[in-house]
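Read off the chains here:
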Amino acid sequence: VFADGNPQPDVMLVGEAPGRDEDIEGLPFVGRSGRLLDAMLAAIGVSRKTNAYIANVVPWRPPGNRTPTPLETEICRPFIERQIELARPKILVALGGPSAKVLLHANEGILRLRGNWKVHRTASGVEIPTMPTLHPAYLLRNPAHKKLAWRDLLEVAARLDQMRA
Ligand code: URA
């Protein structure tokens, strides 16, 4: 499961790894969490049809839908880093802990990281503002935390507006 959306995007979103639905369709975020993600993005005027590009740190579905191990995400790091470099998004959004850990070389948990701008530096030295936020699958299980993700997306929308001004 490689990617979906505009490969020259304003916003690139990076998830963890494909699930069953994604594996079947060959596209990221097409199951339940994908539908939530699309709705959240639409609320800030972002969509995969226009200005968003979506990928995962691990492009294969881990057996039984388990979280990819740190070794697996490290093995896949060069691929997502190159994908980001080629897409050159204005803003990166890391969806969930495993993605934030890879993109930001961070060790803290996602509840601590989320909501604070960080920088992802590509291999060639390009710096991309990066917003870590909660994974849509987590939000489906913990709907009370949707307000936190909404706050993070409003930050993304405001930063995009500033960049366009
Ligand atoms: N969860 C992810 O992290 N990625 C997908 O593509 C689908 C669900």
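Further up the page is the structure itself.
An account of the accompanying structure is given in this report. Bear in mind the structure is a predicted one, so any value in this text is a computation, not a measurement.

## Details of the pairing of strand 2 (residues 11-15)
At step 1: Across the 5 residues that make up strand 2, a large majority, 5, are buried.
At step 2: Residue alternation in strand 2 divides its side chains into two sets, Val 11, Leu 13 and Gly 15 and Met 12 and Val 14, and both sets are buried.
At step 3: Pairing of strand 2 with strand 3 (residues 52-56), which is carried by 5 bridges, proceeds in the parallel orientation. The residue of strand 3 that forms the bridge with Val 11 is Ala 52.
At step 4: Relative to strand 4 (residues 91-95), strand 2 is paired through 4 bridges, and the arrangement is parallel. Residue pairing across strands places Val 14 opposite Ala 94, the latter belonging to strand 4.

## Regarding helix 2 (residues 32-42)
At step 1: Of the residues making up helix 2, those classed as buried are Ser 33, Gly 34, Leu 36, Leu 37, Met 40 and Leu 41. When helix 2 is viewed along its axis, its buried side chains cluster within an angular range of 160° and face the same direction. Opposite the buried face of helix 2, by more than 90 degrees, sit the exposed residues Arg 32, Arg 35 and Ala 42.

## Structural notes on the pairing of strand 5 (residues 118-121)
Here is the key point about a regular strand: its side chains alternate between the two faces of the sheet.
At step 1: Of the strand pairs in this sheet, strand 5 and strand 6 (residues 127-133) are connected by 4 bridges, and their pairing is antiparallel. What sits directly across from Val 119, in strand 6, is Pro 129.
At step 2: Linkage of strand 5 to strand 6, two consecutive antiparallel strands, is achieved through a turn of 5 residues, within which Gly 125 is found at a positive phi near 95°.

## Let's talk about the packing of helix 3 (residues 70-87) against helix 4 (residues 97-104)
When two helices pack together, you describe them by how their axes are tilted relative to each other and by the distance separating the axes.
At step 1: Direction vectors running N to C along helix 3 and helix 4 enclose 70°, while the axes themselves pass 10 Å from each other. Regarding the angle of helix 3 to helix 4, the classification is roughly perpendicular. Between helix 3 and helix 4, the residues in contact are Thr 73, Arg 77, Ile 80 and Ile 84 and Lys 101, Val 102 and Leu 103, respectively.
At step 2: Class assignment of the residues belonging to the contact of helix 3 with helix 4 gives a composition of 4 nonpolar, 1 polar and 2 charged.

Reading the values: rules and limits
- Residues numbered from 1 in each chain as written.
- Predicted model: local features only at pLDDT ≥ 70, side-chain atom pairs only at ≥ 80, totals over all residues.
- Heavy atoms only, no water.
- Buried < 20%, exposed > 50% of the residue type's maximum accessible area, 1.4 Å probe, protein only.
- Helix = DSSP H or I, 4+ residues; strand = E, 2+ residues; numbered from the N terminus.
- Pairing = 2+ DSSP bridges.
- Arc of directions from axis to C-beta.
- Axes fitted to C-alpha atoms, helices over the stretch in contact; angles between N-to-C directions.
- Parallel < 35°, antiparallel > 145°, perpendicular 65-115°, else oblique.
- Contact = heavy atoms within 4.5 Å.
- Nonpolar A, V, L, I, M, F, W, Y, C, P; charged D, E, K, R; others polar.

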